[in-house]
Amino acid sequence: MAAIVTKKAQHTNFRPRILVVDDEPSVVGLVDDLVGGSIACEIIKADSIASAKKVLKTQGVELLVADVNLPDGQGTELLADLKYFQPSARALVITGKPTMGGAINAMRGGAVDFLPKPFNAEQLIERVSAALQAQADGARKDKRILKLRDAVKRLNEARRTVSKKVDLLCNDLITAYGELSRQLDTVRTQENFRKTLHEAKDLEQLLCHAMDWMLRQIGYSNVAIWLAGDENDFQLGAYMKYTIPGEPALTEAIRKGLVPMINREAFVHLSAEEAREKLTPAELKEMKDCTVLGVNCTYLGEVLATIVLFRDSKVPFNEEDAAALKMISPVFATSLASSVKGEDEGDDEDDHGALLDEESEDKPRKKKKDDADWWKRGDSAPF
C-alpha cells in the first residue's frame, strides 16, 4: 500500500500533507522518520491542540495524525476543526490507553482509524497509507461530485437559455400565424369584394355593387362616393341615404371639407368627438353627432375616388369596419379604372350602353335584374 501511494505521488508530483500532533518529541520524530521515509509526503508538526488549530486554519492538510492525550485537551477535539476547515481530509487517532468507547467516539468524530500504542513501523505505515488512500478516494469522489454539480448547473443554464429561445420562437410563430391569418382575411375580403364588382356591367352598376357590399359588410350607413375629375376636382358619383338625405348643402360641404382631408391623409376614422374638432361648420350642421369613415382609392399613384361613410355615433364604426374599408379601396380603384377604360373603348355600343344581340343588329339585349341594383331601382334593401 505504501508503494502505491509513493508511485502515485511521484506520478502526479503531489505530496500529501500530514499534520502530526503529539507532545512527545520521540513519537513525532518516529512518525516523521518512518512515514516520511516510506511515503512521498510533507510532515507538519504540532505539540498542542492550540498550535494544531492554527495549522488547520491556515494550511491545507490531507491527513491528521493526533494523540488523544495532549497538554491542553483531548486530541479528538481537533476532529471538528478538521471537518470544518479541511472537509476532504482524514484523521488517524493515536492513544496509549485504547478503549472501545474512545474508539467509537473517535470514529463518530470523523476519524478513519484508531491506532493504539505501542505500534511498530509496519502498522504505522500501513494505517497512514490506508488513511491517505481513503482521503485520495474521497477527494476524487468530491471532485466528481463538484464536476457533476457544475455540469448540472451548466445544463440548467442551457435549459433556461433553450427555454427562452423556445418561448421567443413560439412567440414569433404566434406573431407570424397572426400576421398570416390577417393576410388571409385581407385576401378573402378583397376577393369577395372583387367578385361582387366583377358582376357589374357599367360604372353606375359598379357604384351600386360597391355600396351594396359596404352596407352588408359594415352595416347601414350614409355612403357617398366621389369620383375624381379634371384638375383634382371631385364630383359626387353616388350617394346612398340611410338617415341623412344627400342634399346639395351636405354634399357640397363634404366635397369642400372631408374629401380634401381624406385625400390628404389617405384614411380617416373619426369618432363624434374627433368629428366635432375636425369637420367644418358646414359639415357639422348637416352631420351632427356622426362618426365618420373615409378612404381614398388610388390606382398607379392617382386618386380615382374617395369613399365617405357616416352614421349616428350611437352605432360607431369599429376597427373591423375601418380595416374592411382599407382592404377594399385598392380593389375598388382597380375596378374603377377598368370600368372607365371599358366605357371609353365601348363607343360602338348604343346610347343605353347595351350590347347588340348576336342574332339581330337592331334589337338591344335586355339587362338582367341584379340584386345589387336595389338602390338604383328605389327598392327596399334586401338585407
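Details of the structure are given in the entry above.
Please read all numbers here as calculations on a predicted model, not as lab measurements.

Details of the sheet that holds strand S10 (residues 267-270)
Turning to step 1, where the next piece is worked out: The strand order across the open sheet built from 5 strands is S9-S8-S12-S11-S10, with neighbouring strands paired in antiparallel fashion. Each having just a single partner strand, strand S9 (234-240) and S10 make up the two edges of the open sheet. Adjacent strand axes in the sheet meet at a mean angle of 15° when their direction is disregarded.
Turning to step 2, where the next piece is worked out: Against the sheet, helix H7 (residues 203-218) touches strand S8 (222-228), S9 and strand S12 (302-312), its axis set at about 140° to S8.
Turning to step 3, where the next piece is worked out: Contacts from helix H9 (residues 258-265) reach S8, S9, S10, strand S11 (290-299) and S12, with the element oriented near 120° to S12.

Quick word on a positive patch on the surface
Turning to step 1, where the next piece is worked out: A contiguous patch of positive charge, built from Lys153, Arg159, Arg160 and Lys164, is present on the exposed surface.
Turning to step 2, where the next piece is worked out: Note on placement: Arg160 falls in helix H6 (residues 121-198).

Some thoughts on the packing of aromatic side chains
Turning to step 1, where the next piece is worked out: Across all of its chains, the model carries 3 aromatic pairs by this definition.
Turning to step 2, where the next piece is worked out: With a centroid separation of 5.0 Å and 70° between ring planes, the pair formed by Phe193 and Trp213 is classed as edge-to-face. Taken as a pair, Phe193 in helix H6 and Trp213 in helix H7 lie far apart in primary sequence, 20 residues in all.
Turning to step 3, where the next piece is worked out: On the basis of relative accessible area, Phe193 is assigned to the buried category, the value being 0%.
Turning to step 4, where the next piece is worked out: Ring geometry for Tyr220 against Tyr242: centres 5.6 Å apart, planes inclined by 15°, an arrangement best described as stacked. In this pair, Tyr220 sits in the loop between H7 and S8 while Tyr242 sits in the loop between S9 and helix H8 (248-256), placing the two residues 22 residues apart along the sequence.
Turning to step 5, where the next piece is worked out: With relative accessibility at 40%, the residue Tyr242 sits in the partly exposed group.
Turning to step 6, where the next piece is worked out: Over the ring of Phe267 we find Lys326; its NZ or CZ atom is 4.6 Å from the centre of that ring.

Some remarks on the side chain of Ser48
Turning to step 1, where the next piece is worked out: When you line up the elements, Ser48 lands in the loop between strand S2 (42-46) and helix H3 (49-58).
Turning to step 2, where the next piece is worked out: Separated by 3.0 Å, the side chains of Ser48 and Ser51 make a polar contact.
Turning to step 3, where the next piece is worked out: Not counting chain neighbours up to four residues away, the residues in contact with Ser48 comprise Val21 and Asp72.

Some words on a negative patch on the surface
Turning to step 1, where the next piece is worked out: A cluster of acidic side chains, namely Asp23, Asp47, Asp72 and Glu77, defines a negative patch on the protein surface.
Turning to step 2, where the next piece is worked out: In this fold, Asp23 is placed in the loop between strand S1 (17-21) and helix H2 (25-38).

Digging into the pattern of salt bridges
Turning to step 1, where the next piece is worked out: Across all of its chains, the model carries 13 salt bridges by this definition.
Turning to step 2, where the next piece is worked out: Here Lys45 makes a salt bridge to Asp32, at a shortest N to O gap of 3.2 Å. Of the two residues, Lys45 is situated in strand S2 and Asp32 in helix H2; the sequence distance between them amounts to 13 residues.
Turning to step 3, where the next piece is worked out: Residue Asp32 is classed as partly exposed on the basis of its relative accessible area of 24%.
Turning to step 4, where the next piece is worked out: Here Arg276 and Asp289 are joined by a salt bridge, their closest N and O atoms 3.1 Å apart. Pair noted here: Arg276 is in helix H10 (residues 272-278) and Asp289 is in the loop between helix H11 (281-286) and S11, with a separation of 13 residues, a long-range link.
Turning to step 5, where the next piece is worked out: The exposure class assigned to Asp289 is partly exposed, which follows from its relative accessible area of 34%.

Looking at H9
Turning to step 1, where the next piece is worked out: Looking at H9, one finds that the buried residues are Leu258, Val259, Met261 and Ile262. Across the axial projection of H9, the buried residues extend over an arc of 165°, all falling on one side.
Turning to step 2, where the next piece is worked out: Directly after H9, the chain includes Ala266, whose backbone phi takes a positive value near 75°.

Thresholds applied
- Residues numbered from 1 in each chain as written.
- Predicted model: local features only at pLDDT ≥ 70, side-chain atom pairs only at ≥ 80, totals over all residues.
- Heavy atoms only, no water.
- Pairing = 2+ DSSP bridges.
- Helix = DSSP H or I, 4+ residues; strand = E, 2+ residues; numbered from the N terminus.
- Axes fitted to C-alpha atoms, helices over the stretch in contact; angles between N-to-C directions.
- Contact = heavy atoms within 4.5 Å.
- Patch = residues over 30% accessible without salt bridge, like charges linked within 9 Å, V, L, I, M, F, W, Y side chains within 5 Å.
- Areas by Shrake-Rupley, 256 points an atom, 1.4 Å probe, with all protein chains shown as cover.
- Salt bridge = Lys/Arg side-chain N within 4 Å of Asp/Glu carboxyl O.
- Lys, Arg positive; Asp, Glu negative; His and termini not counted.
- Charge placed at Lys NZ, Arg CZ, Asp CG, Glu CD.
- Phe/Tyr/Trp six-rings, centres within 6.5 Å; stacked < 30°, edge-to-face > 60°.
- Buried < 20%, exposed > 50% of the residue type's maximum accessible area, 1.4 Å probe, protein only.
- Lys NZ or Arg CZ within 6 Å of the ring centre and 35° of its normal.
- Polar contact = N/O pair within 3.5 Å; in protein donor to acceptor, adjacent residues only side chain to side chain.
- Arc of directions from axis to C-beta.

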